[in-house]
Amino acid sequence: MTTTDRPQARMKTRNRQRMIRLLVVLAGSLLVPGLLASSASAQEDGPAIFGSLKYEDPDSGDDLPVEGVTIEVTSADGYEESSASDAEGAFRVTVPGNGVYSVTLDVETLPDGVNLRNPDRNPLESEVNDGSDRRVLFPLVLGEEGEGGGGTSGGITGRRVAQLTVEGLKQGLYLAMAAIGLSLIFGTTGLVNFAHAELVTFGMIITYGFNFYGFAGMIGFLAPLPGPFGDGVNLIPAAILGMAAGGVVGYVLNRFIFRPARSAGVSLIAQLVMTIGLSIFLRYLMLYLFGGAPRTFKDYSAQTAWSIGPIDVTPKDLVAMGLSIAILVGVASYLELTRMGKAMRAVADNRELSESTGIDVERVITFVWVSGASLAALSGVFFGLDQVKWDFGFRILLLVFAAVTLGGLGTAYGALVGALVVGLAINLSTLFIDAEVKNMVALLILVVTLLFRPQGILGKSERIG
Amino acid sequence: MDWGFIIERTLSTMFGIEVVVFALAAVGLNVQFGYAGLLNFGQVGFMAAGAYGLGVTVYWLEWNFWIGIVFGVLFSIVLALLLGLPTLRLRADYLAIVTIAASETIRLFVRWRRMKEVTGASEGIGEFADAFYELSPFGEGVRYDLGPFSYVGRDLWVLLVGWVILLLAVLLVWRLMSSPWGRALKSVREDEDAARALGKNAYFYKLQALMLGGVLAGIAGMLQVVQKGSIQPDTFNPVITFTIWAILILGGPGRTFSPIIGAMIYWCLIVFVENFLRQLPAGPADFLEDTIELSVLNISQLRFMLVGLGLLLLARFRPQGIFGSREEMALDDR
């Protein structure tokens, strides 16, 4: 930018105006899932909370249903209803309408030896919105209770190792998509973007919005339009829209916040504090609009897992993993083969040198922000296949940072390698420790990396000076 | 609307325990960031280390409260060493990454089910501070009127001790920073290479600053849990760290009294806005509820949005804080 010669004061007011404009845009684009969720009307016979109770027989590997377990559903305004599971282990409790319900499994009624895999997740919070049925999950295990989400009860078996490897690969692939943007933004601008994880959450929440309210339904007065505008759209087009929306947010953040800050000479440390402020702002804005309860997408939320050899995997996860591999390969070939990709790597490598060879650095940075943010949004959609939650991004922030530091801050491929290692290490660690504290492994990786190879696997030592 | 009530609440906040706790933690952050230029984004982790150092000693080891205080301080120092040793030789943002990650990990760790016997897991620890309240010269439930404010004896005792500690801490930092040690520390902040060229061991100065700031935050954490009467893992939420940052930058990093001033401004603003919104007459209140769904329930979410926005705007347009001077601290690269 050549604005440096303009009077300082005029620039400041201009920047302020931009900031306000940005906030209006952000609020406008985000607005609304929350608003509509509470105004949507309930069906006449009422939606239901349902699920099924099964545990795996460790000898045969079959899922055995559990009959006669009492499930109690209560809400804050005094509603109470209970039901028992039938011979197939299924239960179904009709509720009066939309709202947040607390679902409790009466542990006393479980047969001897069968326990909740994760006793902390009882009672569960379940939010019924849009008058549609909600599935709740109570994973059961045979044997000692609460040996963590992965079920440490089985000890180290080939079957568990295989299953956890797949889980780790899955998490690593999704993490990689979130991490590449963070790493490239650092590489091109030197900025550590603490708000990057918020873009992951944004992706899942905006996709949830498209999924339930269609292209335009999130803007209040357009809601009565027929589908696909006012009504929900299928998750796949919704995810594409969500990715695009993530890209728009990335563009806006760069164009109206960080580019003016760069050209006004705001130091990198101050910019880092800005990203922290931005991340808290976005996180609580999403809580404000989306509410605190976890939700699931309308489509593909209750799939039964396929058994492929020793592993169980849901079709949606298989598709998402395949897609993310394809996308990561696409990103890699883009970086290798196209002019823009080469320019990105050049700027990340040495900004001054590439500027002097005629690369338009600001354009490259814009591109990095847009593509990084839309990849982060898409990773949010993939993560959201399990659960959509307002603070999801913050929960994986540690993992993303561990991944990029391990791989080498500023390198695209480093983020990829780091994310896969972190995903695998965390999930396989549940062979030895409780799933509850598996994320601590990421901190361990982070500290060990910094102690022994601070530049990361693929980084160059001069970076960390 | 009851303006008298709102103003009274706002003014009494100015000297309340929140101001003391956050100001003390901000004094610690001021040593780390304001004087030494360290990006510690895990201050709440140090607060948790102090609180749990105290709690674990009393609850698990069943030792004396006062030994617990010593352990609280020790825990903070150990945490500072653990985080500082691997990162302080590297560029500044690595410390930021590690501290933000560690503070959240500490929270996960203390609420781990298997730690139940030691830390009380998610239920936390209660009834550990009796020895502290036995020393109180004030009657436990008696109400004391001090000018326009009135306090229960228990609160007055914590408040008195808190303010004494806070003022002593500010005094200590002020003396330290005008000592040769403080001048060397500031020179490390300004130009690490130059300080090293003059024979100063920059690494150790930074480590000492991280430890001192961590101990102050640990004491703040202990004060907070003693006042609450219980230690809950989820009160050590990462947003507390960012609030402390907002307070420090509001007051101006690298200045002696800025943490206290910043904490007073922050808490007065928050209490005023919250009480104002809660006291709105039915008309405007309904209007806000209908348009932006602002209700009594989510007013506190608005508070955190304001913290974030405030931090963003301050860092962008006034990094030296409201009263800070540009020479002392302009959040510069190093």
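Residues numbered from 1 in each chain as written. Chains lettered and ligands numbered in written order. Predicted model: local features only at pLDDT ≥ 70, side-chain atom pairs only at ≥ 80, totals over all residues.

Participant: Any details on the overall build of chain A? Residues and values, ideally.
Facilitator: Per the secondary structure count, chain A includes 13 helices and 13 strands. When each of the 465 residues of chain A is scored for burial, the buried share is 47%. Taking the intrachain contacts of chain A between residues at least 6 apart in sequence as the baseline, contacts between residues at least 24 apart amount to 73%. (Helix = DSSP H or I, 4+ residues; strand = E, 2+ residues; numbered from the N terminus. Buried ≥ 20, exposed ≤ 12 C-beta atoms within 10 Å, placed from the backbone. Contact = placed C-beta atoms within 7 Å.)

Participant: Lay out the overall build of chain B with the relevant residues and their values.
Facilitator: When helices and strands are tallied, chain B shows 15 helices and 4 strands. Against the globule reference of 20 Å for 334 residues, chain B gives a C-alpha radius of gyration of 21 Å, in line with a compact fold. Over its C-alpha atoms, taken along the principal directions, chain B stretches across nearly 65 × 50 × 40 Å. Taking all 334 residues of chain B together, 48% fall into the buried category. Long-range contacts, defined here as pairs at least 24 residues apart, represent 73% of the contacts in chain B between residues at least 6 apart. (Rg over C-alpha atoms; globule rule 2.2 N^0.38 Å.)

Participant: Before we move on, can you summarise the packing of helix α8 (residues 339-349) of chain A against helix α10 (residues 361-384) of chain A with the specific residues and values?
Facilitator: All names here are of chain A. Contact geometry for α8 and α10: axes closest at 10 Å, N-to-C directions at 100°. By the criterion of interaxial angle, the relationship of α8 to α10 is roughly perpendicular. Here M340, A343, M344 and V347 of α8 come into contact with α10, specifically with V361, V364, F367 and V368. (Axes fitted to C-alpha atoms, helices over the stretch in contact; angles between N-to-C directions. Parallel < 35°, antiparallel > 145°, perpendicular 65-115°, else oblique.)

Participant: Which residues make up the interface of chain B and chain A, and what are the values?
Facilitator: The interface is formed by 40 residues belonging to chain B together with 38 residues belonging to chain A. Elements with a contribution of two residues or more to the side of chain B that touches chain A: α4 (65-87), α5 (92-110), α12 (238-251) and α15 (299-317) of chain B. Of the residues that constitute the side of chain B that touches chain A, the class distribution is 26 nonpolar, 5 polar and 9 charged. (Nonpolar A, V, L, I, M, F, W, Y, C, P; charged D, E, K, R; others polar.)

Participant: Tell me about the sheet that holds strand β5 (residues 80-84) of chain A, and please be specific about residues and values.
Facilitator: Residues and elements named next belong to chain A. Taken in spatial order, the 4 strands of this open sheet run β5-β4-β7-β9, and their pairing is antiparallel. Because the sheet does not close on itself, it has two edges, and the strands there are β5 and β9 (124-128). Geometrically, the sheet is characterised by an average inter-axis angle of 25° between neighbouring strands, direction not taken into account. (Pairing = 2+ DSSP bridges.)

Participant: Let's hear about the confidence of the model for chain A: which residues, and what values?
Facilitator: Residues and elements named next belong to chain A. Scored by pLDDT, chain A comes out at a mean of 79, with 80% of its residues at no less than 70. When mean pLDDT is taken per element in chain A, α10 scores highest with 94 and helix α2 (residues 33-39) scores lowest with 37. Here residues 145-153 is modelled with pLDDT under 50, and outside its nearest four sequence neighbours on either side it reaches 25 contacts, counting other chains as well. (pLDDT = per-residue confidence, 0-100.)

Participant: Which residues make up the domain arrangement of chain A, and what values do they have?
Facilitator: All names here are of chain A. The assigned domain composition of chain A is domain 1 (3-30 + 162-464) and domain 2 (48-147). With 5 residues of domain 1 in contact, the opposing surface of domain 2 contributes 5 residues. In terms of residue class, the side of domain 1 that touches domain 2 is made up of 3 nonpolar, 1 polar and 1 charged. (Domains from an automatic or database assignment.)

Participant: Describe the sheet that holds strand β1 (residues 48-52) of chain A, listing the residues and the values that go with them.
Facilitator: By definition, the strands of a sheet pair up through backbone hydrogen bonds, in either a parallel or an antiparallel sense. Residues and elements named next belong to chain A. With mixed pairing, the 3 strands of this open sheet are ordered in space as β6-β1-β10. Each of the sheet's edge strands pairs with one partner strand only, and the pair in question is β6 (90-94) and β10 (134-135). Examined bridge by bridge, β1 and β10 share 2 bridges and lie parallel to one another. Along β10, the bridge assignment pairs F50 with R135.

Participant: So, helix α8 (residues 153-177) of chain B: which residues are in play, and what are the values?
Facilitator: Residue and element names in this part refer to chain B. Between the first and last C-alpha of α8 there are 36 Å, a value that for 25 residues agrees with the 36 Å anticipated at 1.5 Å per step. Buried within α8 we find L156, W157, V158, G162, L166, A169, V170 and V173. Buried positions along α8 lie against α2 (17-35), α7 (130-134), β2 (143-146), β3 (149-152), α11 (202-228) and α13 (258-278). (Expected span 1.5 Å × (residues − 1).)

Participant: Mind laying out the nonpolar core, listing which residues take part and the relevant values?
Facilitator: In this structure, A:L175, A:A176, A:A179, A:V400, A:A403, B:L24 and B:L311 are the most contacted members of the largest nonpolar core, which totals 212 residues. Top contributing element to this core by residue count: helix α6 (residues 268-290) of chain A, with 17 residues. B:L311 has contacts with A:V273, A:I276, A:G277, A:I280, B:F242, B:W245, B:A246 and B:I249, leaving out every residue within four places of it along the chain. A:V95, A:L110, A:V136 and A:F138 belong to the second-largest nonpolar core, a separate cluster that totals 17 residues. (Core = buried A, V, L, I, M, F, W, Y, C linked by C-beta atoms within 7 Å.)

Participant: Account for the pairing of β3(B), naming residues and giving values.
Facilitator: Residues and elements named next belong to chain B. Note that β2 and β3 share 4 bridges and pair antiparallel. For D145, the partnering residue across the bridge sits in β3 and is S150. Between β2 and β3, which pair antiparallel one after the other, the connecting turn spans 2 residues, and G147 there sits at a positive phi close to 55°.

Participant: Please provide a residue-by-residue account of the confidence of the model for chain B, values included.
Facilitator: Averaged over all residues, the pLDDT of chain B equals 86, while 95% of them reach at least 70. Model confidence for the complex is summarised by a pTM of 0.77, with the ipTM given as 0.85.

Participant: Before we move on, could you go through α11(B) and cite the residues and values that matter?
Facilitator: Residues and elements named next belong to chain B. Across its 27 residues, α11 extends 39 Å between first and last C-alpha, which sits within 8% of the 39 Å expected from 1.5 Å per residue. The buried fraction of α11 amounts to 23 of the 27 residues, a majority that puts the element mostly inside the structure. Once α11 finishes, G229 follows within two positions and takes phi at roughly 85°, a positive value.

Participant: Tell me what's going on with unusual backbone geometry, and back it up with residues and numbers.
Facilitator: Residue and element names in this part refer to chain B. Located in the positive-phi region is E62, a residue other than glycine, with phi close to 55°. When you line up the elements, E62 lands in the loop between α3 (43-59) and α4. Note on E62: 7 C-beta atoms within 10 Å, which makes it exposed. With a phi close to 50°, E127 is a non-glycine residue in the positive phi region. In this fold, E127 is placed in the loop between β1 (125-126) and α7. Using a count of 9 C-beta atoms within 10 Å as the deciding quantity, one classes E127 as exposed.

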